[in-house]
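Each chain, written out:
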Amino acid sequence: VLPSNVTHIDAHAFEGANQMTSLTLNDRVEKISYPAFLYCNSLIKFEVPATNQHFTSVDGVLYSADETILVAYPLADKRPLYKTLSTVTTICQGIFEGAVNLKDIYINEGVTTIPVSLCCNAEALERMYWPATITDVKVGAIDACKKLRELHVAATKAPAADTGAFGVMFKNYTAYLYVPFGAKASYEANEEWNENFLGIKEESTEPNTIVLKTNRA
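Summary of the structure given here. Values in this document were obtained by computation on a predicted structure and should not be read as measured data.

**Looking at the sheet that holds strand 6 (residues 61-64)**
Here comes step 1: Spatially, the four strands line up as an open sheet ordered 5-6-7-9, and their pairing is mixed. Every other strand in the sheet has two partners, leaving strand 5 (55-58) and strand 9 (90-91) as the edge strands with one partner each.

Here is the structure:
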């Protein structure tokens, strides 16, 4: 539990606290700087008192109070699949970096930017699903995800992608890229998208072809 006088959790404040399994915020914390929880490999959940006006915990995951910002994900959460809340518009840097158990990640419609180090070193990650609203992918968004096999992107036009967006240290040559029917040419014309995957495949993105899944463990 945070001391009652703490209002700001600074960058690296809990870095490497690998024995910590949960963290309860106080009602005064109003700012959290990245990367506050880097290498917290045993962290299972965040808890937030109802009296905190800036943050909330949804099933152990830390969000802004209005649930539009995904702030921090507990790296040792036991769920193999996670879907961001439908209200989210912003995902903080490094949100799934080092996640231990995640195999599938679904990013909700409404998010436009995939941040730096979205899932760097997410050791179990196999599949990701990005929405049609994505317009920008930052450097190192995917890096050293050695089990990643599929990236599904629903955008019909290839989003802008920084150099190194799909691997600064380790390219993601183990994964196939899946895009909507008719969109393949757009992705092939973009060097970052075209050169960092085993291949580009087209698929339907119609709602009746998508298997609905939940955040249950």
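**Topic: the side chain of Asp-77**
Here comes step 1: By the element assignment, Asp-77 lies in the loop between strand 7 (69-72) and strand 8 (81-83).
Here comes step 2: At 2.6 Å, the side chain of Asp-77 forms a polar contact with the side chain of Arg-79.

**Digging into the sheet that holds strand 17 (residues 200-203)**
Sheet strands line up and pair through hydrogen bonds in the backbone, either parallel or antiparallel.
Here comes step 1: Spatially, six strands are ordered 8-10-12-14-16-17 in an open sheet, and the strand pairing comes out parallel. In the strand order of this sheet, the two ends are held by strand 8 and strand 17, each with one partner. Averaged over all adjacent pairs, the angle separating strand axes in this sheet is 15°, with direction ignored.

**Points about unusual backbone geometry**
Here comes step 1: Backbone torsion omega between Tyr-34 and Pro-35 reads -5°, so that peptide bond is classified as cis.
Here comes step 2: Relative to the elements of secondary structure, Pro-35 occurs in the loop between strand 3 (31-32) and strand 4 (45-47).
Here comes step 3: Of note, the phi angle at Asp-59 is positive, near 55°, even though the residue is not glycine.
Here comes step 4: Within the secondary structure layout, Asp-59 lies in the loop between strand 5 and strand 6.
Here comes step 5: Residue Asp-59 is classed as exposed on the basis of its relative accessible area, which comes to 59%.

**Quick look at the layout of surface pockets**
Here comes step 1: Volume-wise, the second largest pocket comes out at about 340 Å³.
Here comes step 2: With three residues, the top contributor of residues to the lining of the second largest pocket is strand 7.
Here comes step 3: For the lining of the second largest pocket, the residue count by class is 15 nonpolar, five polar and one charged.

How each quantity is defined
- Residues numbered from 1 in each chain as written.
- Predicted model: local features only at pLDDT ≥ 70, side-chain atom pairs only at ≥ 80, totals over all residues.
- Heavy atoms only, no water.
- Pairing = 2+ DSSP bridges.
- Helix = DSSP H or I, 4+ residues; strand = E, 2+ residues; numbered from the N terminus.
- Polar contact = N/O pair within 3.5 Å; in protein donor to acceptor, adjacent residues only side chain to side chain.
- Axes fitted to C-alpha atoms, helices over the stretch in contact; angles between N-to-C directions.
- Buried < 20%, exposed > 50% of the residue type's maximum accessible area, 1.4 Å probe, protein only.
- 1 Å grid on protein atoms, 1.4 Å probe; cavity = no way out; pocket = protein on both sides within 12 Å on 5 of 7 lines; lining within 4 Å.
- Points joined across faces, edges and corners; volume = space filled by probe spheres on them.
- Nonpolar A, V, L, I, M, F, W, Y, C, P; charged D, E, K, R; others polar.

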